[in-house]
Amino acid sequence: MVKKIKTAFYCRNCGHQSPKWLGRCPSCAEWNQFVEEEVGSSGVGSDLPVGLSEPPLPIDVITLNDRERIVIGMAEMDHVLGGGIVKGSSILVGGDPGIGKSTLLLQVLQCLAHKGLTVLYVSGEESARQIKLRGQRIGASSERLLIYVETSLDAILRQIEEIKPDVVAIDSVQTMYSSRLSSAPGSVGQVRESSERLILISKKTGIPIFLIGHVTKDGAIAGPKVLEHMVDAVLYFQGDSGYAFRIIRGVKNRYGPTNEIGVFEMRDKGLTEVANPSALFLSERPKGAAGSIVVPSMEGTRPILVEIQSLVSETNFGMPRRTTIGVDHNRVSLLAAVLDKICGLHLVNYDIFINVAGGVRLSEPAIDLGIVSALASSFLGRPIDEGTVVCGEVGLTGEVRGISHMEARIREAAKMGFTRCVFPKTDAGDTFPKIDMSLIRISSLKEMVDTIF
Ligand code: TYD
Ligand code: MG
């Protein structure tokens, strides 16, 4: 008798499982995402490696070994990972197609091979010749950098166990398939099965593994959401195709800080590290232009100076427009309303455009003061002194509120040659020794308008 294959319906977006077809996913609220797939073999959980689990131990008995990290030698990448690759960890790297994920991983592996480690790059997307061509561009040549073009999970696992490389990269997890399931590569079941088994072997052998993951149109890693829970670190490789620079951002890291970023520039010879991102983002700053201001924004533990530009122009329609790039749209509407009410700048009949130069995206409240001063400067047509940076959160009653990491921000601004910093008074308790800058503390928007113009 033919064995009946058990199937279920899975959401293509988040991996939610249901016994019957649904129009709308109850878990992620996406429409029309359910597809029928074979139910994964229940044996996955049972082959947990022997020796991975230890009896319960008192926490002060457990020893940490710092040498368990493999330092890559690419400063930006090490920074994002919290000081190198932890042995036995799995790292998911997501990003838009063409952003440079394959290039980044190949460079990371090349660096490691250069240090004498044996590394394995598994590709299910490109032929060995294509990888070689890319390798030539980035100058990768080492007998320790092994290229393996394969999509069969079993073959890959066999090779990993045989070669015992020091680091493995899988490009991409969506192209891998396991013969245990009959569904196509890239399906929810296959992605889950492949990553589960790869993560397992990495834990078992202590070989760190990089998984490249495709992203959906709204930027999340495609496939089951559980993928992000299973891995130890999730990195997003972001960037605007119109700009050469790329940002790698750690959104999850079990062994290091999150929200750290690393900045790269895509050149014709691959990615080069940008050691001083502030200089890059400020390099094309206009001189003496109204509506431009620089804010020191924190990305993880690192301050970066970015320019916020604003254009306020009289509206031609009944409904004024609020267009923003790089900052939250609602936040700008709110700040415009506060400016209107508190400072008497009547922005009601004006279109507002805000742009963060260089295509950076900012989300922390500390940039409020920057948005407000750019708006005021454009509205009044009065440029703000070029040597000024501002930062602070703005409340609904026009008060300027304290923010974190003030000293780091001020130091970065001083390092980049700025001469004046306007920031919240609540941070006045702090003294910042040896900073050659005029520090102006304010507590309300009114004071801000009085000081910066
Ligand atoms: P790739 O790593 O293939 O992207 P992904 O794997 O994320 O899809 O990068 C492809 C892009 O990078 C492509 O548009 C060409 C560009 N590129 C350069 O500009 N310089 C280089 O040295 C390399 C290798 C790629
Ligand atoms: Mg690729």
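Asker: Explain the packing of aromatic side chains to me, please; I cannot follow it from the model alone.
Answerer: By convention here, two paired aromatic rings are described through the distance between centres and the angle between planes. All told, the structure shown has three aromatic pairs when counted by the stated rule. Each ring, one from Phe245 and one from Phe281, has its centre 4.8 Å from the other, and the planes form 70°; the classification is edge-to-face. Taken together, the positions of Phe245 in strand β12 (residues 245-253) and Phe281 in helix α7 (residues 277-282) put the pair 36 residues apart, joining distant regions of the chain. Residue classification places Phe245 among the buried positions, given a relative accessible area of 8%.

Asker: Can you walk me through the domain arrangement of the chain in this structure?
Answerer: In many analyses, interface size is given as the accessible surface area lost on bringing the parts together. Segmentation of the chain into domains returns domain 1 (1-39), domain 2 (69-275) and domain 3 (280-452). Computed from C-alpha coordinates alone, the two centres of domain 1 and domain 2 are separated by 28 Å. Counting residues at the interface gives nine residues for domain 1, matched by 12 residues for domain 2. Of the roughly 800 Å² buried between domain 1 and domain 2 on both sides combined, carbon and sulfur atoms contribute 44%. On the domain 1 side of the contact with domain 2, Asn13, Glu37 and Glu38 bury the most area, a combined 53% of that side's loss. Summed over the shared surface of domain 1 and domain 2, the result is zero salt bridges. In this assembly, domain 1 and domain 2 are joined by two residue pairs in polar contact (both at pLDDT 80 or more). Secondary-structure elements contributing two or more residues to the side of domain 1 that touches domain 2 are β1 (7-11) and β3 (34-38). Among the residues forming the side of domain 1 that touches domain 2, the class breakdown is four nonpolar, two polar and three charged.

Asker: Explanation requested: the environment of Pro320 in the structure shown.
Answerer: Along the polypeptide, Pro320 turns up in the loop between β16 (302-314) and β17 (322-325). The class of Pro320 is partly exposed, set by a relative accessible area of 23%. Along the primary structure Pro320 and Thr103 are separated by 217 residues, whereas in three dimensions their C-alpha atoms are 44 Å apart. Contact partners of Pro320, with chain neighbours within four places excluded, come to Thr315, Val348, Tyr350 and Asp351.

Asker: Sorry, what's going on with the packing of helix α9 (residues 368-380) against helix α11 (residues 445-452) here?
Answerer: Helix-helix packing is characterised by the crossing angle of the two axes and by the distance between the axes. Running from N to C, α9 and α11 cross one another at 55°; their axes reach a closest spacing of 11 Å. Relative to α11, the element α9 lies oblique. Crossing geometry of α9 relative to α11 is assigned as right-handed. Each of Leu369, Val372 and Ser373 in α9 lies in contact with α11, whose residues at this interface are Leu445, Met448 and Ile452. Considered class by class, the residues forming the contact of α9 with α11 number five nonpolar, one polar and no charged.

Quick notes on the rules
Residues numbered from 1 in each chain as written. Chains lettered and ligands numbered in written order. Predicted model: local features only at pLDDT ≥ 70, side-chain atom pairs only at ≥ 80, totals over all residues. Heavy atoms only, no water. Phe/Tyr/Trp six-rings, centres within 6.5 Å; stacked < 30°, edge-to-face > 60°. Helix = DSSP H or I, 4+ residues; strand = E, 2+ residues; numbered from the N terminus. Buried < 20%, exposed > 50% of the residue type's maximum accessible area, 1.4 Å probe, protein only. Domains from an automatic or database assignment. Contact = heavy atoms within 4.5 Å. Buried area = accessible area lost by both parts, 1.4 Å probe. Salt bridge = Lys/Arg side-chain N within 4 Å of Asp/Glu carboxyl O. Polar contact = N/O pair within 3.5 Å; in protein donor to acceptor, adjacent residues only side chain to side chain. Nonpolar A, V, L, I, M, F, W, Y, C, P; charged D, E, K, R; others polar. Axes fitted to C-alpha atoms, helices over the stretch in contact; angles between N-to-C directions. Parallel < 35°, antiparallel > 145°, perpendicular 65-115°, else oblique. Left-handed = near helix turned anticlockwise from the far one by under 90°.

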